[in-house]
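# Descriptive structure summary
Each chain, letter by letter, is given below.
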Amino acid sequence: MLITFQFSCKKKIDELQFEKNVLNEVFAEIADSIYRDRRTMLPPPFPRIDFKTNKEDTIDFDKRLKEYNRFQDSIKNDTARILLAVYDTVKTYKNHSLKKSETKYLNDYKLDLTLFKNNKKFNFKSSSLFPNQLFWDINDLKSSLPVGVIYLYRIQFNDKKDKGILEAASSCGGGKCGQGYLITIENKSGYWKVSKVKETWIS
């Protein structure tokens, strides 16, 4: 009985490590697919109406539109790493097609963000280092807050362990532009890749 228990525990540890390895392999690709940059969420300016003449103030509008476009172009051309917050507790998934009865025994686990410290595009930081994202002012473009935050749920694999599915979510902060995703991953020629990202909800 003790041997059976030890074997069961070892199997669970091995399966968890396998899952962690897979997530580590696709994490940056997932982040790039779902993150929402609060700097790009702001709409372009609208013409102001001069209520005395009931006409549009085109001079001021043209100036503000040029500034807006210049700022958006600067974001696109910026080669600096993007500060992105990550809720680094990988939570037990919600509901999806690969759900199995034994998954009720799964636990949350911590994602080791130090593994991605050399990522060229993103500077990943734990969301716990910043104020709650619900209180971020997405209009404050000069603050040192991340551009957004992402959340990940645990992967569920098929029996062959060559395909998996997980849920994820992203937000640009301030309780705005939240979005959920169902992400399918596949092992192709020995490498795990994202094969499909499906939007599931938006707020």
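Now for a quick tour of the structure. (Residues numbered from 1 in each chain as written. Predicted model: local features only at pLDDT ≥ 70, side-chain atom pairs only at ≥ 80, totals over all residues. Heavy atoms only, no water.)

To continue, consider the side chain of Gln133. Here Gln133 shows up in the loop between strand E5 (122-126) and strand E6 (149-153). In this structure the side chain of Gln133 is engaged in a polar contact, spanning 3.3 Å, whose partner is the side chain of Tyr151. If we ignore the near neighbours within four places in the chain, the residues touching Gln133 are Val149, Tyr151, Ser171, Gly173, Gly174 and Gly175. (Helix = DSSP H or I, 4+ residues; strand = E, 2+ residues; numbered from the N terminus. Polar contact = N/O pair within 3.5 Å; in protein donor to acceptor, adjacent residues only side chain to side chain. Contact = heavy atoms within 4.5 Å.)

Tallying each qualifying case throughout the model produces 5 salt bridges. Among the ionic pairs, Glu19 bridges to Arg154, the shortest N-O distance being 2.6 Å. Placement of Glu19 in helix H1 (residues 2-34) and of Arg154 in the loop between E6 and strand E7 (156-157) is noted, with a sequence separation of 135 residues between them. A salt bridge links Lys91 to Asp108; the shortest N-O distance between them is 3.4 Å. Note that Lys91 is positioned in strand E3 (residues 82-91) and Asp108 in the loop between E3 and strand E4 (109-110), a separation of 17 residues in sequence. (Salt bridge = Lys/Arg side-chain N within 4 Å of Asp/Glu carboxyl O.)

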